[in-house]
Every structure is written in C-alpha cells, then in structure tokens.
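What follows is each chain in one-letter form.
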Amino acid sequence: MSDFTGADLTGQSGRCFVVTGANAGIGFAIAHALAAHDARVVLACRNEDRARAAMARIVTDHPAADLDFLPLDQGDLASVRAAAALAAKEPRIDALINNAGVMVPPLSFTKDGFEMQFGVNHLGTFALTALMLPLLEQTAAIHGEARVVVTASIAHKKGRIAFDNLDGSQGYARMPFYRQSKLANLLFATELDRRLRAGASKVRAIACHPGVAQSELTRHIPLRRMFTPLLGMVLNTAEEGAWPALQAACDPALSGGEYVGSRGIFEARGPSGPAFRSAASRDAELARRLWDVSVDMTGIDPALAPA
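Computed from a predicted model, the values in this text were never measured in an experiment. (Residues numbered from 1 in each chain as written. Predicted model: local features only at pLDDT ≥ 70, side-chain atom pairs only at ≥ 80, totals over all residues. Heavy atoms only, no water.)

Trainee: Mind showing me how you'd approach the environment of Cys 250 here?
Mentor: Relative to the elements of secondary structure, Cys 250 occurs in helix 8 (residues 243-250). Each C-alpha atom of the pair Cys 250 and Ala 95 lies 8.5 Å from the other, and the pair is 155 residues apart in sequence. (Helix = DSSP H or I, 4+ residues; strand = E, 2+ residues; numbered from the N terminus.)

Here is the structure:
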C-alpha cells in the first residue's frame, strides 16, 4: 500500500457516498473531493441550512455536482433511524463514510441519555452503520463491493473503555472520554469487518484517522482561536485530513480491516497510509464485549454473528 493523497483519487462516476458531518471541516473536504470526481454525494448533517450552504459551495466549484441532503443527528437515535430509512431510498450506496463527531465538550448527554462523546462518536456510528447495512449489502451483491469507513483518531492510543462509567456518573474528564470514544470507533470497525468476512459478505469495513487537522471538531478546546494561526503551519489542512477517509472509501488496494491515516511525524500530518494501532484496539474480546454493550444500549442489532 503506497502513500495516498488527493491526487490519487480516481473517477467515481456512478458511485454514491454518504458522508456524515459533511457541512464543514474534514467532512466538507471529503464531500467536495468526491463530487469533484463525479460521485453522487449525500451530505448527512444535523443542520439543513449549513448543509445547503456547503452544497452551494461545492456546486460553485463543480456545477454538475450530484448532491443531496440527509437530515442526521447522531445524538438522537430516532434521527439515526429516520436517516437510515431515507438513505435506503437510494438505488445504491457504495460507501458510508462515518466522519461526524464531537471532541472534548463539557459533560453533556444525547437525547437518549448517553454521554455525548461516546453517544455521538461511537453509538451513533454503530447504529447508523447497522441500519444501513442492508443497502450496503445490496450494493455489494450487485457491484462487487461496498465499504463502511469509520473515523478513529491517534487519540485512541491512550484510550480505555470504562464499561462501569460510560455515562460519566463516576467522574468525567473531557480528553479521556474522547480517547475512549475513538478507541471504540477502531474496535467497532475491526469487529465489523471480522463479522462481515465470517458471513461471506462483500461489504468491507476500514478505519481511518485524519492526523491532527484544522477542523471545527476542536471548537471546545480552550485557547483554540489564539493558536489556530500557528497550528495551521504545522498541522493538516482539512483537505489533507480528508485523504485517509478518501483512501479508506476508494483505494482499490484496500481489501477490508485496514487502519489508515496520516503518516508524517507523530502521525499528525502528511499522506495517508498504514497507521499504528494500540494493543487495546486489537483486543478481539474487548471488541466483542463493546459490540454486545452497543447493541444493548442502542437497541439496534446489526445481526452479524460473532467471527
């Protein structure tokens, strides 16, 4: 697998991608790049006005862009269910790119009562993916393959899953809970691909991380505005941060189960390629336990037997 940049993205005519959190930052850069390469792109976002504005920006650059809006709030399982039902009306979905997330907010909760970071970053991703699997399977059966992309983070390396404190009731700290959610993303992608393979599915799951990119995801970080100009000199742009997700969704050299991300110093920036993953993220028993807990918490079962 060679290093991947935006220049390696090939034509995507006839293919359809659902990109969550696509109205700004890395999600917008993903959607923009795919539209520029003739894909149909469905922008799955909470705020319709912001999504429509993002679509207008893309159309300004690419007048023939094939775009649509999908209302999605990953902090609300009813919204997730509704979004999946609407997405199922698409004739095909070649890849679901799970990009949406939150980072280090104050202790807060989703509409279903989950701690916000675990609820949005992991449980929302888990539920949406599970509900969209039937159409992904249908696409894969007809066209040979479909993909699920799950966005993790280099922050997963210090993550641990505190099953006895997922709601933060026994103490909450912003960054450890973010790390936990990103470890959960990587565990989920890995376990999903294992189960898909065991069931002889042609859907593949691939995880990615964007390095350390300039993004609205950092809006809760203190002093962000003060350091943004300096960080812009050393970190990935949103466009560069999109490269790993684009590789995970489109690179024919990937066959499923991989984890790709920025390969520069400390994995913070640069072209995308094979990424380092922690021992915890490779723990199959931990992944199985997280899967079962996620089914119990969401009430949504992907109906995939253990590998």
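On we go.
Trainee: Sorry, what's going on with the sheet that holds strand 5 (residues 146-151) here?
Mentor: The strands that make up a sheet are held in pairs by hydrogen bonds between backbone atoms, and each pair lies either parallel or antiparallel. A sheet is described by the order of its strands in space; here eight strands give the open sequence 3-2-1-4-5-6-7-8, paired in mixed fashion. One side of each edge strand has no neighbouring strand; the edge strands of this open sheet are strand 3 (66-71) and strand 8 (272-274). Neighbour to neighbour, the strand axes of the sheet diverge by 25 degrees on average, direction disregarded. (Pairing = 2+ DSSP bridges. Axes fitted to C-alpha atoms, helices over the stretch in contact; angles between N-to-C directions.)

Trainee: Is there a simple way to explain the pattern of salt bridges in this structure?
Mentor: Once their charged atoms are close, side chains differing in charge can pair, the charge on each being opposite to the other. A complete count under the given rule lists 14 salt bridges for this structure. Close ionic contact of Asp 94 with Arg 15 constitutes a salt bridge, the shortest N to O distance being 3.7 Å. Residue Asp 94 is found in the loop between helix 3 (77-87) and strand 4 (95-98), and its partner Arg 15 is found in the segment before strand 1 (16-20); the two are separated by 79 residues along the sequence. There is no split in this pair, since Asp 94 and Arg 15 are both buried. In this structure, Asp 68 engages Arg 40 in a salt bridge whose closest nitrogen and oxygen atoms are separated by 3.2 Å. Pair noted here: Asp 68 is in strand 3 and Arg 40 is in strand 2 (residues 40-45), with a separation of 28 residues, a long-range link. Asp 68 gets classed as partly exposed once you look at its relative accessible area, which sits at 29%. (Salt bridge = Lys/Arg side-chain N within 4 Å of Asp/Glu carboxyl O. Buried < 20%, exposed > 50% of the residue type's maximum accessible area, 1.4 Å probe, protein only.)

Trainee: So what exactly am I meant to see when it comes to helix 1 (residues 25-36) here?
Mentor: Given 3.6 residues per helical turn, the α-helix brings residues three or four places apart onto the same face. End to end, helix 1 covers 17 Å across twelve residues, agreeing with the expected 16 Å (1.5 Å per residue, within 8%). Of all twelve residues that make up helix 1, ten are buried, and the element is covered over most of its length. Along helix 1, the residues that are buried comprise Ile 26, Gly 27, Phe 28, Ala 29, Ile 30, Ala 31, His 32, Ala 33, Leu 34 and Ala 35. (Expected span 1.5 Å × (residues − 1).)

Trainee: I'm lost on the side chain of Asn 98 in this one. Help?
Mentor: Tracing the chain through its elements places Asn 98 in strand 4. Not counting the four nearest positions on each side in its chain, Asn 98 is found in contact with Thr 20, Gln 74, Thr 125, Leu 128, Thr 129, Val 148, Val 149, Val 150 and Thr 151. (Contact = heavy atoms within 4.5 Å.)

Trainee: I would appreciate a short explanation of the side chain of Ser 181 in the present structure.
Mentor: Note on placement: Ser 181 falls in helix 5 (residues 174-198). On the accessibility criterion, Ser 181 (0% relative accessible area) is buried. Beyond its immediate chain neighbours, meaning those up to four positions away, Ser 181 contacts Gln 117, Phe 118, Asn 121 and His 122.

Trainee: Explanation requested: the nonpolar core in the structure shown.
Mentor: Soluble globular proteins: nonpolar side chains tend toward being buried together. Within the largest apolar cluster, 52 residues are counted, with the highest numbers of intra-cluster contacts made by Val 18, Ile 93, Met 132, Leu 136, Ile 161, Leu 192 and Val 203. Of all the secondary structure elements, the ones that give two or more residues to this core are strand 1, strand 2, helix 3, helix 4 (116-143), strand 5, helix 5, strand 6 (203-209) and helix 9 (284-298). No other element matches the eleven residues that helix 4 contributes to this core. In this structure, Met 132 is in contact with Val 18, Ala 84, Ala 87, Ile 93 and Leu 96, ignoring residues within four places of it in sequence. (Core = buried A, V, L, I, M, F, W, Y, C linked by side-chain atoms within 4.5 Å.)

Trainee: Is there a simple way to explain the packing of helix 3 against helix 4 in this structure?
Mentor: What describes two packed helices is the angle between their axes and the distance between those same axes. For the pair helix 3 and helix 4, the least separation of the axes is 9 Å and the interaxial angle reads 25 degrees. In terms of axis orientation, helix 3 runs roughly parallel to helix 4. When you trace helix 3 past helix 4, the crossing you get is right-handed. Contacts between helix 3 and helix 4 pair Leu 77, Val 80, Arg 81, Ala 84 and Ala 87 from the former with Gly 124, Ala 127, Leu 128, Leu 131, Met 132 and Leu 135 from the latter. (Parallel < 35°, antiparallel > 145°, perpendicular 65-115°, else oblique. Left-handed = near helix turned anticlockwise from the far one by under 90°.)

Trainee: Just checking my understanding: could you explain the environment of Gly 171 for this structure?
Mentor: Within the secondary structure, Gly 171 is located in the loop between strand 5 and helix 5. We classify Gly 171 as partly exposed; its relative accessible area is 35%. A sequence separation of 64 residues divides Gly 171 from Leu 107, and the C-alpha atoms of the two residues are 9.7 Å apart. Once residues lying within four places of it in the same chain are set aside, the contact partners of Gly 171 are Asn 165 and Phe 177.

Trainee: Even after reading the chapter, I still don't get the pairing of strand 2, so can you show me in this structure?
Mentor: Within a regular strand, side chains alternate between the sheet's two faces. Within strand 2, six of the six residues are buried, which leaves the element mostly enclosed by the surrounding structure. A two-sided burial pattern is seen for strand 2, the buried positions comprising Arg 40, Val 42 and Ala 44 on one face and Val 41, Leu 43 and Cys 45 on the other. Where strand 1 and strand 2 come together, five bridges link them in parallel fashion. The partner of Thr 20 across the bridge, within strand 2, is Ala 44.

Trainee: In this structure, what is going on with unusual backbone geometry? I would like to understand it.
Mentor: Most peptide bonds adopt trans geometry, and most residues besides glycine take a negative phi value. A positive phi angle, close to 75 degrees, is found at Asp 38, a residue other than glycine. Mapped onto the secondary structure, Asp 38 falls in the loop between helix 1 and strand 2. Its identity is not glycine, yet Ala 303 carries a phi of approximately 60 degrees, on the positive side. Residue placement: Ala 303 occurs in the segment after helix 9. On the basis of relative accessibility, which here comes to 63%, the residue Ala 303 falls in the exposed class.

In short, geometric facts, not functional conclusions.
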